[in-house]
Amino acid sequence: MIPFQFITAFLLIFMGVYAFLYKRNLLKLILALDVIDSGIHLLLISFGYRLENNVLPTAPIYTGYETVKAPMVGPLPQALVLTSIVIGVCVLSLAVALTINAYRHYGSLDVNKLRRLRG
Amino acid sequence: MFGYWDALYFVYVFIIGLIIAYLLMKWAERASSGTRREGEGAKIFLSGEDQDRVIPDFEHFRGYFTGRHVMWGLIRGINRMFIAFRREHTGLLGDYVSYLLITIALVLGALIIWG
Amino acid sequence: MNVLPFVIIIPLLGVFSLPLVGLVGKKAREAWALLISGATLGVTSKLLYNVWSTKETLVYTLGAKSPMGQGVGFPVRIVWEVDLLSAIMAFTIAFVAFLAVAYSIEYMRHDTGLEKYYVLILVLELGMLGIVLTGDIFNFYVFLEIMSIASYALVAFRNDTWEGIEAGIKYMFVGSLASSFILLGIALLYGQYGTLTMAYLAEKMAANFTLTAKIALAFLIGGLLFKSGAVPVHMWLADAHPAAPSSISAMLSGLVIKAGGVYVIARIAFSVFGMAVNLRTLGWVIIFFACLTLIVGNAMAVVQTDMKRLLAFSSVGQIGYILLGLGIGLAAYGTKVGEIATAGAIYHTVNHAIMKALLFMVAGAVLHELGTKDLNELSGLAKTMPKTTFAFIVGAAAIIGLPPLNGFASKWLLYESSALFNPFLGAIAIIGTAFCTAAYIRVLYTFLGRPSERVMKAKEPGMAMLLPMFILVGAIILMGLFPWQISKGVMIPAASMLANIKGYVLAVMGGV
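As the structure is a computational prediction, the values presented were derived from the model and not from experiment.

About the thresholds
- The residue numbering used here restarts from 1 in each chain and proceeds along that chain's sequence as written.
- Chain A is the first chain written and ligand 1 is the first ligand written, with later ones labelled in order.
- Side-chain atom pairs in this predicted model are given and counted only at pLDDT of 80 or more, local residue features only at pLDDT of at least 70, and totals for whole chains, interfaces and linings cover all residues.
- For the purposes of this entry, the term helix denotes a DSSP run of H or I that reaches at least four residues, the term strand denotes a run of E that reaches at least two, and both are numbered from the N terminus.
- Working definition of a contact: two residues with C-beta atoms, positioned from the backbone, lying within 7 Å.
- Orientation is described by lines fitted to C-alpha atoms, with helices fitted over the stretch in contact, and by angles between N-to-C directions that extend from 0 to 180 degrees.
- Put simply, a crossing is left-handed when the front helix is turned counterclockwise from the back one by less than a right angle, and right-handed when it is turned clockwise.
- Under the scheme applied here, ten amino acids are nonpolar (Ala, Val, Leu, Ile, Met, Phe, Trp, Tyr, Cys and Pro), four are charged (Asp, Glu, Lys and Arg), and all others, including Gly, are polar.
- In these notes the angle categories are as follows: under 35 degrees is roughly parallel, over 145 is roughly antiparallel, 65 to 115 is roughly perpendicular, and the rest is oblique.
- The term nonpolar core refers to a group of buried residues, namely Ala, Val, Leu, Ile, Met, Phe, Trp, Tyr and Cys, whose C-beta atoms join them within 7 Å.
- Residue burial is a threshold on neighbouring C-beta atoms within 10 Å of the residue's own C-beta, all placed from the backbone, with 20 or more meaning buried, 12 or fewer meaning exposed, and counts in between meaning partly exposed.

Helix and strand counts for chain A stand at three helices and zero strands. When its helices and strands are written in sequence order, chain A yields α-α-α. Restricting to contacts in chain A with at least 6 residues of sequence separation, those with at least 24 account for 58%.

Packed helix pairs are characterised by how far apart their axes lie and by the angle those axes make with each other. Closest axis-to-axis distance for the helix H4 (residues 93-114) of chain B/helix H8 (residues 211-228) of chain C pair is 8 Å, and the angle between their directions is 140°. As H4(B) packs across H8(C), the resulting crossing turns out to be right-handed. Judged by residue contacts, Leu100(B), Thr103(B), Ile104(B), Val107(B), Leu108(B), Leu111(B) and Ile112(B) of H4(B) engage Lys214(C), Ile215(C), Leu217(C), Ala218(C), Phe219(C), Ile221(C), Gly222(C), Leu225(C) and Phe226(C) from H8(C). Residues that form the contact of H4(B) with H8(C) fall into these classes: 13 nonpolar, two polar and one charged.

Contact with chain B, which involves 33 residues of that partner, is made by 48 residues of chain C. Counting residues per element, the ones that place at least two in the side of chain B that touches chain C are helix H3 (79-88) and H4 of chain B. Ranked by residue count, the leading element in the side of chain B that touches chain C is H4(B), at 14 residues. A class-by-class count of the residues in the side of chain B that touches chain C yields 25 nonpolar, six polar and two charged.

All right, on to the interface of chain A and chain C then. Contacts between the two partners involve 25 residues from chain A, matched on the other side by 26 residues from chain C. For the side of chain A that touches chain C, the elements supplying multiple residues, two or more each, are helix H1 (4-22), helix H2 (26-47) and helix H3 (75-106) of chain A. The class makeup of the residues in the side of chain A that touches chain C is 19 nonpolar, four polar and two charged.

All names here are of chain C. Two numbers describe how helix H12 (residues 307-331) lies on helix H17 (residues 423-448): the axes approach to 11 Å, and their chain directions differ by 160°. With respect to each other, H12 and H17 are oriented roughly antiparallel. Judged by the twist between their axes, the crossing of H12 over H17 is left-handed. Judged by residue contacts, Met307, Leu310, Ser314, Gly317, Gly320, Tyr321 and Leu324 of H12 engage Leu425, Ala429, Gly432, Cys436, Ala439 and Val443 from H17. For the contact of H12 with H17, the per-class residue count stands at nine nonpolar, four polar and no charged.

Okay, the nonpolar core next. Ala90(C), Ile93(C), Val96(C), Ala357(C), Leu358(C) and Ile476(C) are the most contacted members of the largest nonpolar core, which has 272 residues in total. With residues near it in sequence (within four places) discarded, Ala90(C) still touches Val7(C), Thr44(C), Leu47(C), Leu129(C), Val132(C) and Leu133(C).

Dropping the structure here:
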């Protein structure tokens, strides 16, 4: 059986790709980028989750984790996701800045209006 | 023969290329209209296009060999291919995304079947 | 002394200190950017010499002596791993970036916001250097995004023109989607094998190659084909590269599509997946896209009227040659033909970086002096800008592959190996060259034609722009004089080191 968090992650990714194909507003495309990124982050985070003997795992960020005898979640995916979130924020802020400039030049947020470069 | 080229090969290829180019030029010259080699108002053949024709919006460039003029018979012959290629470049973001997805799907299919 | 970490430390120092140095004045800022990129060039040339003379894979572990974890038998730390291919790429990147910085001192003089420009150009260089050095697959993703974000911002640098903004938006949105797919591939690999070190990943994959790994490979290859501008995902390239300032176009076309695209495809296909995946299939997939790229890219270059757009489409076509060599190297892995094809691809990568940087610099000089890049208005440029035209003729002849210049040697290796592998592929490569020749002859005719009035007012650009151009001309001619020495001495060893997958793995894993 595929764990439900993987299904959720792939649904998020597909939602984002769908929005990329069929939405025309630039702001919605930015949201689509964020949704795809969130899906991948969820996938990565859930790789670190281990359920052993029906004991819930503890996050390594939890203070006093040395005393916890229960299993731990993998710390590496969390570090990866943290890095990836920072990158995502850079991409989003740059995308919003470009969108503002595009509105200034084209007077519209419709991405299909941005087609002077062709051929 | 790896990594070493005989100078003679190059000469052969060059000569064959020259002959092909000459034949192509002859063919294009015949196929195009408005080329006169001698006599009053001789016009050299450079392109398939008539040099004297006035192009709308480009009247002031008459007589210069502009980028628009230098396009010879070979290119004219497969003009339809270029038109198809240019039409594909639509400039729509959705098309760019769909091409990306198609590429990934192709690679995925090939790798799953034969990988 | 191990010079490897300084390849990243020096540009990183430059990036963060540049705004502070810029407070002193404009001259200081330019001098600092030039100094930093020059120092990087020095360090990378030392690195190239070290790797070339020993023919050993250098490994550097971040924060420890050995990549192995304490008490466990597998690598847990981030490693940088440099073989000869990485070193060649790093040297090329530093060389072209140094000249691009030198060129932009005069070229960008009339623009504002230059402190951001110089920071971004150094970030771009840093990202590319990181990509070619790293041996950790998530570290590679981080550097890829550093490079990509810097190039998105630089494409849209002239935000007062609609062209830059539109190209920037298209490049950025689809590029981020491609980056997300690459991250998805990396996430799937991590979920399957639980490691991020390329060498250990290769070892685990050889033992157990699953469907998930195949899907991950497809996402990685798809995203990277996008980043390298292969047809049918080349369209962002043709929009973005002409819209950027010319010094940036030189870096984007010369370096970014290779460091962030072709190099990583080679690294992932050979070093990570090489022992597991069916290399014949993977090779033919890449050859398929390479053939499309060859034909469409070069053919589209013929019908452009915008000079920089023509050069951008020509870049697409030349990427086709590099991918063709790479694909044959994969499909014919282990044979002499495959080794020659890979060597040809590496050689052409270096040559094309130099040639396309030169051609974009020429286009930039024309744009700077005349204010237009429309070929219909540039008739007869040779009268007033003879030095620039000479540089263009050398670059165009080299990219077509005329014998005394460097493009000939690499293209010859590619033709020869593709014709021996499959004559049909050789024929396609020749057809691509025919289109390429047509495109460049067209520009040359325009340059050498009868001067139009607008052109008569032009004059040569200043020394700061001419000097980088002529250094590149010198490099083209010099590399053209010793084609087989370079190919035998540097490129074929690089190809055989790349093909030696076990060596790459053992360099990190030790003699386990």
